[in-house]
Amino acid sequence: MADSAAPREHRGPRRPLDRQILALAVPALGALVAEPIFVLVDSAVVGHLGTAHLAGLSVASTILLTLVGLCVFLAYATTASVARRVGAGHRAEALQSGVDGMWLAAGLGVVLATALWLSAPWAISAMGADGAVAGHAVTYLRWSSLGLPGMLVVLASTGVLRGLQDTRTPLYVAVGGAVTNTVLNVVLVYGLGLGIAGSAAGTAATQLTMGAVLTVVVVRGARAAGASLRPTSGGILANARAGVPLFVRTLSLRLAILLTVFVATGLGAVNLAGYQVLNSVWGLAAFALDALAIAAQALIGHRLGAGDVSETRAILRRTLQWGVGAGAAIGVVIAAGGWWFALLFTTDHEVRVAITLGMVVAGALMPLAGWVFVLDGVLIGAGDGRYLAWAGMLTVVVYAPVALAVRAWAPEGPAGLAWLWLAFAGVFMLARAVTTGLRARSDRWMVAGA
């Protein structure tokens, strides 16, 4: 009887924590998956206008998504700041910090929208587009840039709600936004005959509406807690300072991805085509792991704010177990289903082989990715952005010579993609695992209190 009771005692404390992780991660996953639907809807609607329109959308959306991706620090910084203050019992201060973060997002959005509207022709030309493709790309980029303030406010307000451990509201708004975007695109493009400009305007209007809805939610919470809705210069500057290291950290990831694309381009058309498919599958898997990272951010920030270091360690251990376990499960699906995935995307035998080999490598290394994603979330939740910035740039330095060696010496044919993914998912992710793992083993990131 004693032996049978021991496992129950061991598992018992985990169950409430597991429920907390899932309660945050599952809705966060839904919101993360809902966002790419915007691009898919635009692609489906614009694709029926013609090849040049779709190509223009591809170029413009690449620029726009890169810019928004670099601003994801708005969500990360507010999540950490709000969660820590809530954990310390300072709810009004937490929401004031969140409101300041949203003011920063709105101001930055206006500045970036103006800059993007004015520089659109130059930006599109720099991407190598010309003729009709460039014309459609400039049109889409300009009209979609009007939604940037809404997009960035959505990031910041989502961060506030995550800090309050509310991941359901952003999910509902994301789903509603996806539906609204679909309707507006069809009406404006086909009903009113506005073409690609209608698609961009519909998406921009949806994003502004989403930002407004989430703002109302946060404002209600701020008023209930007695927080001011006015921007404070000190709060905005504090959010900006917290965001700079996270911007650098995100920039390091973008540099690594750009380098990977550069290498894939040098490996020939077969491997480049295979890379596009493999990268899409990897990105989809990353959503699930990102959801766990978001849960870790909110829980770690809350417990450190409350000064509970032992519970912080418990959350670290359990979220890592979830991350590695989820990575392993996803990895089995990716590795085992590589050939079947390839059949969905191409009829070219060599490309199918390249995808299959790459999937095996990606699947085998997915548990490592789970470890990395969760540790990123833990350290972001702890407000350890400065370390992540330095570590991110260091990992790019480690990865760059390996990636360039693959471009120079990888064997010809489909095997080249496997070598490239071994470099990216192996060397680059391992460098990130080592740098974040060493930090997590120490106590320097566990600064308790608000």
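Residues numbered from 1 in each chain as written. Predicted model: local features only at pLDDT ≥ 70, side-chain atom pairs only at ≥ 80, totals over all residues. Heavy atoms only, no water.

What follows is about the overall build of the chain. When you go through the chain residue by residue, the secondary structure sums to 17 helices and zero strands. Here the chain has a C-alpha radius of gyration of 22 Å; the compact-globule value for 450 residues is 22 Å, and the two agree. Based on the C-alpha atoms only, the size of the chain along its principal axes is roughly 65 × 50 × 40 Å. Buried residues in the chain amount to 50% of all 450 residues. In the chain, 85% of the contacts between residues at least 6 apart in sequence involve partners at least 24 apart. As displayed, the chain offers around 19400 Å² of accessible surface, 69% of which is attributable to carbon and sulfur atoms. Mean positive and mean negative side-chain charge positions of the chain (28 and 18 charges, respectively) differ by 7 Å. (Helix = DSSP H or I, 4+ residues; strand = E, 2+ residues; numbered from the N terminus. Rg over C-alpha atoms; globule rule 2.2 N^0.38 Å. Buried < 20%, exposed > 50% of the residue type's maximum accessible area, 1.4 Å probe, protein only. Contact = heavy atoms within 4.5 Å. Areas by Shrake-Rupley, 256 points an atom, 1.4 Å probe, with all protein chains shown as cover. Lys, Arg positive; Asp, Glu negative; His and termini not counted. Charge placed at Lys NZ, Arg CZ, Asp CG, Glu CD.)

In the structure shown here, the tally under the stated rule is nine aromatic pairs. Measuring from centroid to centroid gives 5.6 Å for Trp282 and Trp421, while their planes differ by 75°, and the two rings are edge-to-face. In this pair, Trp282 sits in helix H12 (residues 269-305) while Trp421 sits in helix H17 (residues 415-441), placing the two residues 139 residues apart along the sequence. For the pair Trp282 and Trp421, one class covers both residues: buried. Look at Tyr399 and Phe424: their rings are 6.2 Å apart centre to centre, the planes differ by 70°, and that puts the pair in the edge-to-face class. In this pair, Tyr399 sits in helix H16 (residues 385-409) while Phe424 sits in helix H17, placing the two residues 25 residues apart along the sequence. The exposure class of Tyr399 is buried, given its relative accessible area of 0%. Cluster of aromatic residues (ring-pair linked, three or more members): Tyr275, Trp282, Tyr399, Trp421, Phe424 and Phe428. Here the guanidinium or amino end of Arg407 rests over the ring plane of Phe262, the centre of that ring lying 3.9 Å away. (Phe/Tyr/Trp six-rings, centres within 6.5 Å; stacked < 30°, edge-to-face > 60°. Lys NZ or Arg CZ within 6 Å of the ring centre and 35° of its normal.)

With that settled, the discussion passes to helix H13 (residues 309-336). In this model H13 runs 40 Å from its N-terminal to its C-terminal C-alpha over 28 residues, within 8% of the 40 Å that 1.5 Å per residue would give. Here H13 has its buried residues at Thr312, Arg313, Ile315, Leu316, Arg318, Thr319, Leu320, Gly323, Gly327, Gly331 and Ile334. (Expected span 1.5 Å × (residues − 1).)

Right, let's get into unusual backbone geometry. In this structure, Gln165 takes a positive phi of about 65° despite not being glycine. Looking at the element boundaries, Gln165 is found in the loop between helix H8 (148-163) and helix H9 (168-191). Relative accessible area serves as the criterion here: at 31%, Gln165 is assigned to the partly exposed category.

The subject of this paragraph is the nonpolar core. Counting residues in hydrophobic clusters, the biggest one holds 81 residues, and the most contacted among them are Leu74, Ile124, Leu141, Leu148 and Trp445. In terms of residue count, helix H6 (residues 91-126) provides more of this core than any other element does, 12 residues in total. Residue contributions to this core reach at least three from each of two domains, namely domain 1 (17-232) and domain 2 (291-441). Residues within four places of Trp445 in sequence aside, it is in contact with Ile300, Leu304, Thr312, Arg313, Leu316, Val378, Leu379, Ala382, Asp384, Arg439 and Ala440. (Core = buried A, V, L, I, M, F, W, Y, C linked by side-chain atoms within 4.5 Å. Domains from an automatic or database assignment.)

Right, let's get into the domain arrangement of the chain. You can read the domains of the chain as domain 1 (17-232) and domain 2 (291-441). Opposite the 20 residues of domain 1 that make contact, domain 2 presents 22 residues. Summed over the shared surface of domain 1 and domain 2, the result is one salt bridge. A salt bridge links Arg318 to Asp18; the nearest nitrogen and oxygen atoms lie 2.8 Å apart. The tally of links from domain 1 across to domain 2 stands at five residue pairs in polar contact (both at pLDDT 80 or more). (Salt bridge = Lys/Arg side-chain N within 4 Å of Asp/Glu carboxyl O. Polar contact = N/O pair within 3.5 Å; in protein donor to acceptor, adjacent residues only side chain to side chain.)

This brings us to the packing of helix H5 (residues 73-87) against helix H11 (residues 233-266). Where H5 contacts H11, the two axes come as close as 9 Å, and the packing angle between them is 125°. Considered as vectors, H5 and H11 are oriented oblique to each other. When the axes of H5 and H11 are compared, the crossing they make is right-handed. Residue-level inspection shows Phe73, Tyr76, Ala77 and Thr78 of H5 in contact with H11, the latter providing Asn239, Ala242, Gly243, Leu246, Phe247 and Arg249. Considered class by class, the residues forming the contact of H5 with H11 number six nonpolar, three polar and one charged. (Axes fitted to C-alpha atoms, helices over the stretch in contact; angles between N-to-C directions. Parallel < 35°, antiparallel > 145°, perpendicular 65-115°, else oblique. Left-handed = near helix turned anticlockwise from the far one by under 90°. Nonpolar A, V, L, I, M, F, W, Y, C, P; charged D, E, K, R; others polar.)

Glancing now at the packing of H5 against H6. Running from amino to carboxyl end, H5 crosses H6 at an angle of 170°, the nearest separation of the two axes being 7 Å. With respect to their mutual orientation, H5 and H6 come out roughly antiparallel. Touching Phe73, Leu74, Thr78, Ser81, Val82, Arg85 and Val86 of H5 are Arg91, Glu93, Ala94, Ser97, Gly98, Gly101, Leu104, Ala105 and Leu108, all from H6. Looking at the contact of H5 with H6 residue by residue, the class counts come to eight nonpolar, five polar and three charged.

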